[in-house]
Amino acid sequence: LHLAMLLFVEMSTDIMLAHVTAQQFNPWRWPLLPLVVLTIWVVVLQDSNSKFLQYWIIAYTWSMLAYLTMKCSVVIHEFCEVLGIWCFDIVTPHPNKVDTKNRSVRKED
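Our focus in this paragraph is the overall build of the protein chain. Along its length, the protein chain carries 3 helices and 2 strands. Classification of the 109 residues of the protein chain by burial places 19% in the buried group. Summed over its atoms, the accessible surface of the protein chain is roughly 8,700 Å², and 70% of this surface lies on carbon and sulfur atoms.

Structure representation (structure tokens):
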């Protein structure tokens, strides 16, 4: 159940990001490859109750959690840098705030 949730969150954040940045959404991605291998394993070998399969799913779930955490952190950081804002703070000025009067980047020490 956690694996399905993580795969759904990864795809839904990617489709939202593609919409916001006006890019093409590609539903086929590398994080789905282990799921395809897992499906082929179960269909071909007719073995859906092995210890190896259980450890595969646990490792896949933890890997997706780490990947999704890293992806969201990087995307939030990049948005903040490009827009010159803090993500969850609208009061504190950002150190790379663009001065709109003369279009220069103001670096604060």
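That was the structure; now back to the text.
This part takes up the environment of V42. Tracing the sequence through the fold places V42 in helix α2 (residues 33-45). Each C-alpha atom of the pair V42 and L53 lies 8.8 Å from the other, and the pair is 11 residues apart in sequence. Not counting the four nearest positions on each side in its chain, V42 is found in contact with D47, S48 and L53.

Here the focus is the pattern of salt bridges. The tally for this structure, following the rule as stated, stands at 4 salt bridges. For E10, the salt bridge goes to R29, with nearest N and O atoms at 3.1 Å. Taken as a pair, E10 in helix α1 (residues 2-20) and R29 in the loop between α1 and α2 lie far apart in primary sequence, 19 residues in all. We classify E10 as buried; its relative accessible area is 1%. In this structure, K71 engages D14 in a salt bridge whose closest nitrogen and oxygen atoms are separated by 3.5 Å. Here K71, found in helix α3 (residues 51-83), pairs with D14, found in helix α1; they are 57 residues apart in sequence, far enough to count as distant. On the basis of relative accessibility, which here comes to 14%, the residue K71 falls in the buried class. For D14, a relative accessible area of 18% corresponds to the buried category.

Right, let's talk about the confidence of the model for the protein chain for a bit. A residue-level look at the protein chain finds 85% of positions with pLDDT of 70 or above and a mean pLDDT of 81. Taking the mean pLDDT of every element in the protein chain, the minimum, 52, falls on strand β2 (residues 104-105) and the maximum, 88, on α1.

So, about α2. Between the first and last C-alpha of α2 there are 18 Å, a value that for 13 residues agrees with the 18 Å anticipated at 1.5 Å per step. Directly beyond the C-terminal end of α2, a positive phi value near 50° is found at Q46.

Scoring rules and cut-offs
- Residue numbers run consecutively from 1 along every chain, following the written order of its sequence.
- Restriction of local features to residues with pLDDT of at least 70 applies here, the model being predicted, together with a cutoff of 80 or more for giving and counting side-chain atom pairs; totals for whole chains, interfaces and linings are based on all residues.
- The side-chain values count all of the structure's non-hydrogen atoms but skip hydrogen atoms and water molecules.
- Secondary structure is summarised from DSSP: a helix means a run of H or I of at least four residues, a strand means a run of E of at least two, and numbering begins at the N terminus for each.
- Relative accessibility thresholds used throughout: buried, under 20% of the residue-type maximum; exposed, over 50%; partly exposed, between the two (1.4 Å probe, protein chains only).
- Residue burial considers only the protein chains on display, and all accessible areas are found by Shrake-Rupley using a 1.4 Å probe.
- Any two residues having at least one pair of non-hydrogen atoms within 4.5 Å are treated as being in contact.
- Salt bridges are identified by distance alone: a Lys or Arg side-chain nitrogen within 4 Å of an Asp or Glu carboxyl oxygen.
- Summary of the metric used: pLDDT quantifies the predictor's per-residue confidence within the range 0 to 100.
- Multiplying 1.5 Å by the residue count of a helix minus one yields the expected span of that helix.

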